[in-house]
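Observations on the model geometry
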Amino acid sequence: MIDNLCDEPCGEEIGIAMFSSDFRNQQEQTTTNIIGAILKQLLVKGRVLEHVQKAFQKAKNEVGGRGLRLPDIVRVLGKAVAILPRVFICIDALDECPPKHLLELLRSLKDVLRESPRMQIFLTGRPQVEAEVTRYFITRLTIPIVPKTHDVQSYLENKLEMDPEPMAMSNGLRADILRIIPEKISEMCVGASTVPIPCVILY
Amino acid sequence: MNKIIADENPEVMQWLSPLDPGRRHQDVRIDRLDGVGNWIFKTSEFREWRSNEGGADKAVLFCCGNPGVGKTYLRCLIQLQEVGIIADRHQY
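Predicted, not measured: the structure shown is a model, and the values here were computed from it. (Residues numbered from 1 in each chain as written. Chains lettered and ligands numbered in written order. Predicted model: local features only at pLDDT ≥ 70, side-chain atom pairs only at ≥ 80, totals over all residues.)

**Looking at the overall build of chain A**
The helix and strand tally for chain A stands at 8 helices and 4 strands. Listed by position from the N terminus, the elements making up chain A come as α-β-α-α-α-β-α-β-α-β-α-α. Per-residue burial for chain A yields a buried fraction of 36% across its 203 residues. Partitioning the intrachain contacts of chain A with sequence separation of at least 6 by distance along the chain shows that 80% fall at a separation of at least 24. (Helix = DSSP H or I, 4+ residues; strand = E, 2+ residues; numbered from the N terminus. Buried ≥ 20, exposed ≤ 12 C-beta atoms within 10 Å, placed from the backbone. Contact = placed C-beta atoms within 7 Å.)

**A closer look at helix H4 (residues 44-51) of chain B**
Every buried residue belonging to H4 of chain B is among Phe-46, Trp-49 and Arg-50 of chain B, and all of these are buried. The buried residues of H4 of chain B occupy one face: seen down the axis, they fall within an arc of 95°. Seen from the buried face of H4 of chain B, the exposed residues on the opposite side, beyond 90 degrees, are Ser-44 and Ser-51 of chain B. Buried residues in H4 of chain B make contact with strand E3 (119-125) and strand E4 (141-144) of chain A together with strand E1 (60-64) of chain B. Positive phi shows up at Asn-52 of chain B, right after H4 of chain B, with a value of about 65°. (Arc of directions from axis to C-beta.)

**Looking at the sheet that holds E4 of chain A**
Across the sheet, 5 strands lie side by side as E1(A)-E2(A)-E3(A)-E1(B)-E4(A); this open sheet has parallel pairing. The open sheet terminates on both sides in strands that have one partner only, identified here as strand E1 (14-20) and E4 of chain A. Averaged over neighbouring strand pairs, the angle between their axes works out to 15° when direction is ignored. Sheet topology places strand E2 (residues 86-92) of chain A next to E3 of chain A; 5 bridges connect them, and they run parallel. Bridge pairing in E3 of chain A places Cys-90 of chain A opposite Phe-122 of chain A. (Pairing = 2+ DSSP bridges. Axes fitted to C-alpha atoms, helices over the stretch in contact; angles between N-to-C directions.)

**Focus on the pairing of E3 of chain A**
Residues and elements named next belong to chain A. Counting buried positions along E3 yields 7 of 7 residues, so the element is predominantly enclosed. The alternating pattern of E3 places Met-119, Ile-121, Leu-123 and Gly-125 and Gln-120, Phe-122 and Thr-124 on opposite faces, both of which are buried. Read from E2 through helix H5 (residues 99-115) to E3, the crossover connection turns out right-handed. (Right-handed = clockwise from strand over helix to strand, strands pointing away.)

**A look at helix H2 (residues 31-41) of chain A**
Most of H2 of chain A is tucked away: 10 of the 11 residues are buried. All of the buried residues in H2 of chain A are Thr-31, Thr-32, Asn-33, Ile-34, Ile-35, Gly-36, Ala-37, Ile-38, Leu-39 and Lys-40 of chain A. At its buried positions, H2 of chain A is contacted by E1, helix H3 (46-61), helix H4 (70-83), E2 and H5 of chain A together with helix H2 (10-16) of chain B.

**What to know about the confidence of the model for chain B**
Residue and element names in this part refer to chain B. Across chain B, the average pLDDT comes to 75, with 68% of residues at 70 or higher. Across chain B, E1 holds the top mean pLDDT of 93, while helix H3 (residues 22-31) sits lowest at 62. Of the regions scoring below 50 in pLDDT, residues 85-92 engages in 10 contacts with residues more than four places distant in sequence or in other chains. In the predicted assembly, ipTM is 0.79 and pTM is 0.78. (pLDDT = per-residue confidence, 0-100.)

**Focus on the environment of Pro-18 of chain B**
Following the sequence through the fold, Pro-18 of chain B ends up in the loop between H2 and H3. A count of 13 C-beta atoms within 10 Å places Pro-18 of chain B in the partly exposed class. Other than its neighbours up to four places away in sequence, Pro-18 of chain B contacts Glu-28 and Asn-33 of chain A.

**Observations concerning unusual backbone geometry**
Here Ala-93 of chain A, not a glycine, exhibits a phi torsion of approximately 60°, which is positive. Looking at the element boundaries, Ala-93 of chain A is found in the loop between E2 and H5. In this structure, Asn-52 of chain B is a non-glycine residue whose phi angle is positive, near 65°. Here Asn-52 of chain B is to be found in the loop between H4 and E1.

**Remarks on the packing of H2 of chain A against H5 of chain A**
All names here are of chain A. Contact geometry of H2 with H5 gives a least axis separation of 9 Å together with a crossing angle of 45°. Classed by the angle they form, the pair H2 and H5 counts as oblique. Every pair of crossing elements has a handedness; the one defined by H2 and H5 is right-handed. Mapping the contact onto sequence places Thr-31, Ile-34 and Ile-35 in H2 and His-101, Glu-104, Leu-105 and Ser-108 in H5. Of the residues that constitute the contact of H2 with H5, the class distribution is 3 nonpolar, 3 polar and 1 charged. (Parallel < 35°, antiparallel > 145°, perpendicular 65-115°, else oblique. Left-handed = near helix turned anticlockwise from the far one by under 90°. Nonpolar A, V, L, I, M, F, W, Y, C, P; charged D, E, K, R; others polar.)

Here is the structure:
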């Protein structure tokens, strides 16, 4: 039901936008393009759309049809956010942003947030970008993410249930998988601050 | 992104950004396992952030972790939850 709701325009004027950085597409993921992609998702509300259409027409009418610059798009986003009573912006994988764009992006979000405290920002990233996040959002809240045993078990149970050849595995092996893998992952997480966890997709 | 608005305003969309963030979100939604990661909603940090009572000082929540621990799926979870909250905002 929630997934279906996600495809529908929201009944109330709350804006939700997300962006996932991807190191494979760094050339196109400039700060200006990322902010523009966020803004696109806030256009579900009429007044925001009108505001952006006006900004577009103004830029188009200028000599040469000037493209968007970062200060322009940050200003447009700031006004769009101010129109909405509440806005959630989720940005994933900050560590996959090139350093220059990461700093610009965080500074831009800080500028918008300063003007619109009703905006809330959810960020994810590897520990190496924590210093940058702290630099711009010193009072931010932080949740360290480590795999939870229960989540790992649920994931494994689901995968085993979907095994196309369940008879090929003995009950003993199945039980060992469900016992040993969550234990090992928990052990790895104890030393997570110094040893990187192998790339196991848990969820 | 609202598809009708996008279809009716292709020039504006292109002017804003060539990036399409919806595609990645769709992939994550399909792979996500129900119930996994729900612990985040019980943390004091999430509750404080979600309540928005701390104003701009507590408006940013940073989920920090090594590769493969599920940060992207948590981001998806939060986003879906926010949409659900619109239908029932009193649950927090």
